[in-house]
Amino acid sequence: MDALRLLSPPPERPYLGGGTWEGLFAELGTRLPDEYVRLMDLYGAGSWSEYLRFLTPLRTGERRFATHVETVLGAYRSHRDRFPESYRLTAWPEPGGLLPFANSIDADHLG
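Conventions we followed
Residues numbered from 1 in each chain as written. Predicted model: local features only at pLDDT ≥ 70, side-chain atom pairs only at ≥ 80, totals over all residues. Heavy atoms only, no water. Salt bridge = Lys/Arg side-chain N within 4 Å of Asp/Glu carboxyl O. Helix = DSSP H or I, 4+ residues; strand = E, 2+ residues; numbered from the N terminus. Buried < 20%, exposed > 50% of the residue type's maximum accessible area, 1.4 Å probe, protein only. Core = buried A, V, L, I, M, F, W, Y, C linked by side-chain atoms within 4.5 Å. Contact = heavy atoms within 4.5 Å. Pairing = 2+ DSSP bridges.

A.B. asks: I'm lost on the pattern of salt bridges in this one. Help?
C.D. replies: Opposite charge on two side chains permits them to pair, given that their charged atoms come into close proximity. Summed over all chains, the structure comprises five salt bridges. Glu94 is the partner of Arg77 in a salt bridge, and the nearest nitrogen-oxygen pair spans 3.8 Å. Here Arg77 is found in helix H4 (residues 65–82), whereas its partner Glu94 is found in the loop between H4 and strand S3 (102–104), with 17 residues between them in sequence. With relative accessibility at 25%, the residue Arg77 sits in the partly exposed group.

And the structure:
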């Protein structure tokens, strides 16, 4: 994290949304990795060099984090059903399943 701060100083006020981490964890039924929480607390949501976009984790309302995750994973499951050799990961809330938190301009998802 220290090297990242040197390469890309964090914003003065990172934007996370209006909710709380505990509220998000309760909605998801799981905690998110501490490293992810620290990264978001430091940098917040947004786009890095118009390439990598971090979702707003604590957004509330209709466009909240869990809604985006469910939409992405619905598409992932559909592709996995048709092309299982290319979509091998389980998807949240399956045990050990992919829970996406960012995406790239190339439509890749990080989780």
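A.B. asks: Got a minute to help me understand the nonpolar core in this structure?
C.D. replies: One broad rule of soluble globular proteins: the nonpolar side chains tend to lie buried together. Counting residues in each nonpolar core, the largest one holds 27 residues, and the members touching the most others are Trp21, Leu28, Leu32, Tyr36 and Phe65. The set of elements that each furnish at least two residues to this core consists of helix H2 (21–28), helix H3 (34–43), strand S2 (52–54) and H4. Per-element accounting of this core gives the leading share, six residues, to H3. Ignoring any residue separated from it by four or fewer positions in sequence, one finds Trp21 in contact with Leu16, Leu32, Tyr36, Val37, Met40, Asp41, Pro57 and Leu58.

A.B. asks: Got a minute to help me understand the sheet that holds S3 in this structure?
C.D. replies: In any sheet, the strands associate via hydrogen bonds between backbone groups, in a parallel or an antiparallel arrangement. Pairing in this open sheet of four strands is antiparallel, and the strands run S1-S2-S3-S4 from one edge to the other. Unpaired on one side and paired on the other, strand S1 (46–48) and strand S4 (109–110) mark the two borders of the sheet. Across three bridges, the pairing between S2 and S3 is antiparallel. Within the sheet, the bridge partner assigned to Phe54 lies in S3 and is Ala102.

A.B. asks: Would you take a moment to explain the environment of Leu73 for this structure?
C.D. replies: With respect to the helices and strands, Leu73 occurs in helix H4. Look at Leu73 and you get buried, because its relative accessible area is 0%. Between the C-alpha atoms of Leu73 and Asp106, which are 33 residues apart in sequence, the distance is 17 Å. What Leu73 contacts, discounting residues up to four positions off in sequence, is Ala91, Trp92, Leu98 and Pro100.

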